[in-house]
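# Structural characterization, general
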Amino acid sequence: MHKSKESAVFAELLAESFPTVEDRAAHEREVAKLVAFAELLIALDEVRAGSKISKAELARRVGVKPSVISRLLDGKGRNVQLDTVADVADALDVYIEMRVRPQPKGKRARHAPIEVLAA
Amino acid sequence: MGDDWSVARTKRTQEDRWQPVFYETARGERPAWGFLTGEKTPIDVRIELLTTVRAVLQVGPPRFPTSTQRWRLMHKPASKKEVDLSGICEARDKHSNKLYRLFCVIDRNAPAHGLALPSLVLLGGVVKPARTEAPQSEYRRIDRYRKDYQATHRVALGRGGAEWWPDVGPDMS
């Protein structure tokens, strides 16, 4: 986060809210998960919009109710179903690369637990 | 400080281009701070709302999906009797059958009125029982904060030397 006098107030609240190293690490993991899910939905919806495919048409291609697609792409569901994501990607003629990799040994070099990379 | 950071950031994100700020009233009150740290808001809720705000900042407020359980863009109300908060975003959480709403405005032009970066302005919050509407007076209060911010661009300033910064950035100027 950029340091400015005005953003320092938020930093003060973060410091107060996450007092220990463990609290901060857990917070960062939760932020990283939210960011990854949001980036995934944004990426899929950009492909859909760029291909001029309506959500209704995408639902027809996937074989689900339109509400399922809306819930997924609008982020209304609390949990993103990997199964649906894969079907949506296939229907949009794209694929998603996933790799499971070990964390680096050094504690400070740990990566976020999940990250969506730009295509 | 940044040294006790245990989840390293692998890349710079939108969070380096957007900043969170607290709207401040003419009397020096910070309603969003009061909401987040007040007795009515459990620490678990505060943590959830702060997590949402950080994620929105990292993705970039204009890009973050605005129909999610956690983050929503307000639309025009169905009835003219209701306060129009359209254009305001809310970070949302539910806890023990109560709904917690932290209202924010996205200010892309913040640098034009003296802030360091485009800003996500935390206005204030509302708590209400699930499946109910908060009193319109609560929404009017939030709308008043928005209008006052838009007129004055008054935000809270930190004392500096914050204990912990979530990222390594340039020194505070």
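Residues numbered from 1 in each chain as written. Chains lettered and ligands numbered in written order. Predicted model: local features only at pLDDT ≥ 70, side-chain atom pairs only at ≥ 80, totals over all residues.

Okay, the overall build of chain A next. What chain A contains, in helices and strands, is 5 helices and 0 strands. Each helix (α) and strand (β) of chain A, taken in turn from the N terminus, gives the series α-α-α-α-α. Radius of gyration (C-alpha) of chain A: 18 Å, far over the 14 Å computed for a compact globule of 119 residues. Based on the C-alpha atoms only, the size of chain A along its principal axes is roughly 50 × 35 × 25 Å. Across the 119 residues of chain A, 28% fall into the buried class. For chain A, the share of sequence-separated contacts (at least 6 apart) that also reach a separation of at least 24 residues comes to 55%. (Helix = DSSP H or I, 4+ residues; strand = E, 2+ residues; numbered from the N terminus. Rg over C-alpha atoms; globule rule 2.2 N^0.38 Å. Buried ≥ 20, exposed ≤ 12 C-beta atoms within 10 Å, placed from the backbone. Contact = placed C-beta atoms within 7 Å.)

Residues and elements named next belong to chain B. Spatially, the 5 strands line up as an open sheet ordered β1-β5-β4-β3-β2, and their pairing is mixed. Of all strands in the sheet, those with a lone pairing partner are β1 (19-22) and β2 (71-73), marking the two edges. Taken pair by pair, the neighbouring strands of this sheet meet at an average axis angle of 35 degrees, ignoring direction. As paired strands, β2 and strand β3 (residues 89-95) are joined by 3 bridges and run antiparallel to one another. Along β3, the bridge assignment pairs Trp-71 with Ala-91. Relative to strand β5 (residues 119-129), helix α3 (residues 136-152) is tilted by about 170 degrees, and along the sheet it contacts β4 (98-107) and β5. (Pairing = 2+ DSSP bridges. Axes fitted to C-alpha atoms, helices over the stretch in contact; angles between N-to-C directions.)

Turning next to unusual backbone geometry. Although it is not a glycine, A:Lys52 adopts a positive phi angle of roughly 55 degrees. Of note, A:Lys52 is situated in the loop between α2 (21-50) and α3 (55-62). Phi angles above zero are rare outside glycine, and B:Arg131 is one such case at about 60 degrees. Note that B:Arg131 resides in the loop between β5 and α3.

Turning next to the confidence of the model for chain B. Residues and elements named next belong to chain B. With 83% of its residues at a pLDDT of 70 or more, chain B has an overall mean of 87. Looking across chain B, the model is least confident in β2, with a mean pLDDT of 94, and most confident in helix α1 (residues 31-37), with 98. Note that pLDDT drops below 50 for residues 1-10; the model gives that stretch 25 contacts with residues more than four away or on any other chain. Predicted confidence for residues 168-173 stays below pLDDT 50, and this span has 12 contacts to residues more than four positions away or in other chains. In the model output, the complex is listed with pTM 0.87 alongside ipTM 0.86. (pLDDT = per-residue confidence, 0-100.)

Bringing the nonpolar core into the picture now. By size, the foremost hydrophobic cluster in this structure holds 61 residues, and its most contacted members are B:Phe22, B:Tyr23, B:Ala32, B:Cys104, B:Val121, B:Leu122 and B:Leu123. If near-sequence neighbours (up to four positions away) are discounted, B:Ala32 is found in contact with B:Phe22, B:Tyr23, B:Leu102, B:Leu122, B:Leu123, B:Gly124 and B:Gly125. (Core = buried A, V, L, I, M, F, W, Y, C linked by C-beta atoms within 7 Å.)

Of all 10 residues in β4(B), 7 are buried, a share of seventy percent or more. Once β3(B) ends, the chain turns through 2 residues before running back antiparallel as β4(B), passing B:Ser96 with a positive phi of about 50 degrees.

For the rest of this paragraph, the subject is the packing of α2(A) against helix α2 (residues 43-59) of chain B. Between α2(A) and α2(B), the least distance of the axes is 9 Å, while the angle of their chain directions is 50 degrees. Between α2(A) and α2(B), the angle falls in the class oblique. In this structure, the crossing between α2(A) and α2(B) has a hand that is right-handed. Along its contact with α2(A), which presents A:His27, A:Glu30, A:Val31, A:Leu34, A:Val35, A:Ala38 and A:Glu39, the element α2(B) presents B:Thr51, B:Thr52, B:Arg54, B:Ala55, B:Gln58 and B:Val59. (Parallel < 35°, antiparallel > 145°, perpendicular 65-115°, else oblique. Left-handed = near helix turned anticlockwise from the far one by under 90°.)

With that settled, the discussion passes to the environment of B:His153. Residues and elements named next belong to chain B. Here His-153 is to be found in the segment after α3. You can call His-153 partly exposed: it has 18 C-beta atoms within 10 Å. Here the alpha-carbon distance between His-153 and His-95, two residues 58 residues apart in the chain, equals 32 Å. Setting aside residues no more than four positions away along its own chain, His-153 makes contact with His-113 and Gly-114.

Let us now look at the environment of B:Lys40. Within the element layout of this structure, B:Lys40 appears in the loop between α1 and α2. Each C-alpha atom, one on B:Lys40 and one on B:Leu99, is 11 Å from the other, the two residues being 59 residues apart in sequence.

Moving on, we get to the pairing of β5(B). Residue and element names in this part refer to chain B. As paired elements, β1 and β5 share 4 bridges and run parallel to each other. From the neighbouring strand, Phe-22 faces β5, where its bridge partner is Leu-122. When β4 meets β5, the two strands line up antiparallel, connected through 10 bridges. Paired with Phe-103 across the bridge in β5 is Gly-124.

All names here are of chain A. Interaxial distance between α3 and helix α5 (residues 82-91) falls to 9 Å at its minimum, and their mutual angle equals 105 degrees. With respect to their mutual orientation, α3 and α5 come out roughly perpendicular. Taking contact as the criterion, the partners of Leu-58, Arg-61 and Val-62 in α3 are, on α5, Asp-87, Val-88 and Ala-91. Taken together, the residues of the contact of α3 with α5 sort by class into 4 nonpolar, no polar and 2 charged. (Nonpolar A, V, L, I, M, F, W, Y, C, P; charged D, E, K, R; others polar.)

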